[in-house]
Amino acid sequence: MKISDLTDNTGEWLRGTGPQSDIVISSRIRLARNVARFPFLSMANVKQKKELEETIRDKIKDADISQDLCYLNLADITPVDRLFLVERHLISRDHAGGEGERGVAFGKSETVSLMVNEEDHLRIQVIRSGFELKEAWKTIDEIDNKLEKRLNYAYSSRFGYLTACPTNVGTGMRASVMLHLPALGMTHHIEKVFNAVMKLGLVVRGLYGEGTQVSGDLYQISNQFTLGKSETEIIEIIESVIPRITSYERMARKSLISESREQLEDRVWRSYGMLKVARLISSEEIMHLLSQVRMGVNLGIINDIEMKTLNELFILTLPGHLQKLEGRELNSTQRNIIRASYVRKRLEK
Amino acid sequence: MKCESCNKKHATVHLTEIVGTVKKERHLCEECAQSINTHLTKIPSPTEILTSLINQVAPEINEMSKIVCPVCGLSYLEFRSHGRLGCAMDYTIFRKGLIPLLEKMHSSTQHIGKVPSRAGKELIKKNELMQLRNELNKAVEKEDYERAAELRDKIYEFSGENDED
């Protein structure tokens, strides 16, 4: 499989199905693991990094995780390809911008990805569409068990799985749920939600995790603690919070409809109109427009566009994807033109 | 004000010297001040300023500052400035400094989650017991005594003895 094979489709997690998928876009779990008797990457030399990369790559192959798993060495591909993989959520920004021997393995459905030599020697990730953290945990736990039989993980009975950054030590697990919360943003209730969430030891981040800006009313809620709670406990905490946030968002949507139906419909239709006619759209503007239209579809205001198409457009109109689509590097004005024409074409269908 | 010694650079060091009853003021640039009167004008180095600051904010750092991991070569100070550890052994070598940090980050310093099967059956059992006890505490807090009794029986069964400790 080549990267260009991915451009026509998107990962299964964007298909817009699964529990509460009107608000919960996806559920993701990642595990951080290191191999015993090797230094963590910041202290590893070139030779050790290479040895780690080769060993882990072989063990991943040997573990028979999925039949169609393909492996890419990130040092061998172009920066645009790496950006493309970041936008796909298959690798992290740090992994893309890193140096030396490093790679990623992922399957055709893009549900599973394994990053080799990121901040830790190995980072396993599972993403599913909708609110399905438990299922994601089941899958990732099985993959981890298979790899654990082949790799001697750095582990201590006191501190659990040992990681390069102490914020990940213990379970090494970050469980997160991506939410679309436009109405809570419009009614200025979003801050309240965040304060409540933070009290439970959870954090709120933007679309691409740590340090990224919130755009398109998309938020990621994930656990902060990784030590002192079991994986199941952490998942249960998140699982108990999400339904409260989704029902709060639904209430906010309802009150918007009952109090200012015309204004809401106008906003949604204007956004839809812009997407259909605009000739230049920036990446920031498109997130906002897509967010409004997505809510319009959920509320039954717009009926002629599929949720899957909208979810996909959030990703397919990002800079790396547009450049991949065109097969060349583009400056921001060129991207804005191509973004607008691409969206027009997708919405004509 | 220009330096009264070299007359070129800006005077940044202002000295007041009192010899007997005579008070003498001197205005010098940093370079001249150091070359003329090193014992009087010893300016603390950035490292010294940092160390004194660290001492006030996080006293454990000074205590740990000389510790270097014999396996990976990372010093505790390097760890504190970059936030990344160098190898698994650092968790043992820097333990004293790490424990309060972990407590602050996670409100805990003991792992109770998954155990790799390689770590041995005993450890897996120990961790499962810890998880059950955790659940028991929660059930008691919630006054769910039915669940608490269930968990208690499980703990007895699991540990093969009355769980008194």
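Model, not experiment: these values are computed from the prediction.

Peer 1: I'd like a description of the environment of Leu275 of chain A, backed by residues and values.
Peer 2: All names here are of chain A. Its location among the elements puts Leu275 in helix α7 (residues 231-277). A sequence separation of 71 residues divides Leu275 from Arg346, and the C-alpha atoms of the two residues are 10.0 Å apart. With residues near it in sequence (within four places) discarded, Leu275 still touches Ile281, Ile286, Leu289, Leu290, Val293, Val343, Arg344 and Leu347.

Peer 1: Explain the interface of chain A and chain B to me, using residue names and the numbers behind them.
Peer 2: Contact residues are listed per partner, giving 40 residues for chain A and 35 residues for chain B. With both sides pooled, the region where chain A packs onto chain B buries about 3100 Å², and carbon together with sulfur makes up 57% of that total. Between the two partners, chain A and chain B, sit 4 salt bridges. Measuring nitrogen to oxygen at the nearest pair gives 3.0 Å for the salt bridge that ties Lys138 of chain B to Glu233 of chain A.

Peer 1: Break down the pairing of strand β1 (residues 24-33) of chain A for me, citing the residues and quoting the values.
Peer 2: Residues and elements named next belong to chain A. Burial analysis of β1 places 10 of its 10 residues in the buried class, which makes it a mostly covered element. Two strands pair when backbone bridges link them, and β1 and strand β8 (residues 173-180) are joined in this way by 7 bridges, in the antiparallel orientation. The residue of β8 that forms the bridge with Leu31 is Met173.

Peer 1: Now, about the side chain of Ser271 of chain A: what can you tell me, with residues and values included?
Peer 2: Position of Ser271 of chain A among the secondary structure elements: in helix α7. A relative accessible area of 6% places Ser271 of chain A in the buried class.

Peer 1: Can you lay out the sheet that holds β1 of chain A for me, pointing to particular residues and giving the numbers?
Peer 2: Strands in a sheet are paired, the pairing made by backbone hydrogen bonds, and the direction either parallel or antiparallel. Residue and element names in this part refer to chain A. Spatial strand order, β2-β3-β4-β5-β1-β8-β10-β9: 8 strands in an open sheet with antiparallel pairing. Each edge of the open sheet is held by one strand with a lone partner, namely β2 (70-73) and β9 (202-205). For this sheet, the mean angle separating the axes of adjacent strands, direction not counted, is 20°. As paired strands, strand β4 (residues 112-116) and strand β5 (residues 122-129) are joined by 5 bridges and run antiparallel to one another. Within β5, the residue paired with Val112 across the bridge is Val126. This element, helix α6 (residues 190-199), spans β9 and β10 (218-223) of the sheet and lies at about 145° to β9.

Peer 1: Quick rundown of the packing of aromatic side chains? Include the residues and the values.
Peer 2: All names here are of chain A. Taken as a whole and assessed by the stated rule, the structure comprises 8 aromatic pairs over all chains. Considering the side-chain rings of Trp269 and Tyr272, the 6.0 Å spacing of their centres and the 45° angle between planes classify their relative orientation as tilted. Note that Trp269 and Tyr272 are positioned in helix α7 at a spacing of 3 residues, about one turn of the helix. Given a relative accessible area of 43%, Trp269 falls into the partly exposed group. Residue class for Tyr272 comes out buried when judged on its relative accessible area of 3%. Through a chain of ring-to-ring contacts, the aromatic side chains of Tyr153, Tyr155 and Tyr161 assemble into a single cluster.

Peer 1: Tell me about the layout of surface pockets, and please be specific about residues and values.
Peer 2: Taken as a whole, the second largest pocket encloses approximately 520 Å³ of empty space. Residue lining of the second largest pocket: 17 residues in total, with Glu233 and Glu236 of chain A together with Glu135, Lys138 and Lys142 of chain B positioned closest to the centre. Element by element, the count of residues in the lining of the second largest pocket is highest for helix α7 (residues 121-141) of chain B, at 7 residues.

The rules behind the values
Per-chain numbering applies: the sequence of each chain, read as written, is numbered from 1 onward. As a convention, the first chain written is A and the first ligand written is 1, with the rest following in written order. Local features are withheld for residues below a pLDDT of 70 in this predicted model, meaning they are given only at 70 or higher, and side-chain atom pairs are given and counted only at 80 or more; totals for whole chains, interfaces and linings count all residues. Side-chain measures here rest on the full set of heavy atoms in the structure, leaving out hydrogens and waters. By the criteria applied, helices consist of DSSP H or I runs no shorter than four residues and strands consist of E runs no shorter than two, each listed in order from the N terminus. We call two residues in contact when some of their heavy atoms are within 4.5 Å. Summed over both partners, buried area is the accessible surface (1.4 Å probe) that two parts give up on being assembled. We define a salt bridge as a contact between a side-chain nitrogen of Lys or Arg and a carboxyl oxygen of Asp or Glu at a distance within 4 Å. Residue exposure (1.4 Å probe, protein chains only): buried if accessible area is under 20% of the type maximum, exposed if over 50%, otherwise partly exposed. When DSSP locates at least two bridges between a pair of strands, those strands are taken to pair. Where helices are involved, their axes are fitted lines through C-alpha atoms of the stretch in contact, as for all axes, and angles between N-to-C directions lie from 0 to 180°. Pairing of aromatic rings covers Phe, Tyr and Trp, the last through its six-membered ring, and needs centres within 6.5 Å; plane angles under 30 degrees mean stacked, over 60 mean edge-to-face, and all others mean tilted. The way it works is a 1 Å grid over only the protein atoms, where trapped points that fit a 1.4 Å probe form a cavity and open points with protein on both sides within 12 Å along at least five of seven lines form a pocket, and then any residue with an atom within 4 Å of a point lines it. Grid points are joined across faces, edges and corners, and a volume is the space filled by probe spheres set on the points.

By themselves, these figures tell us nothing about what the structure is for.
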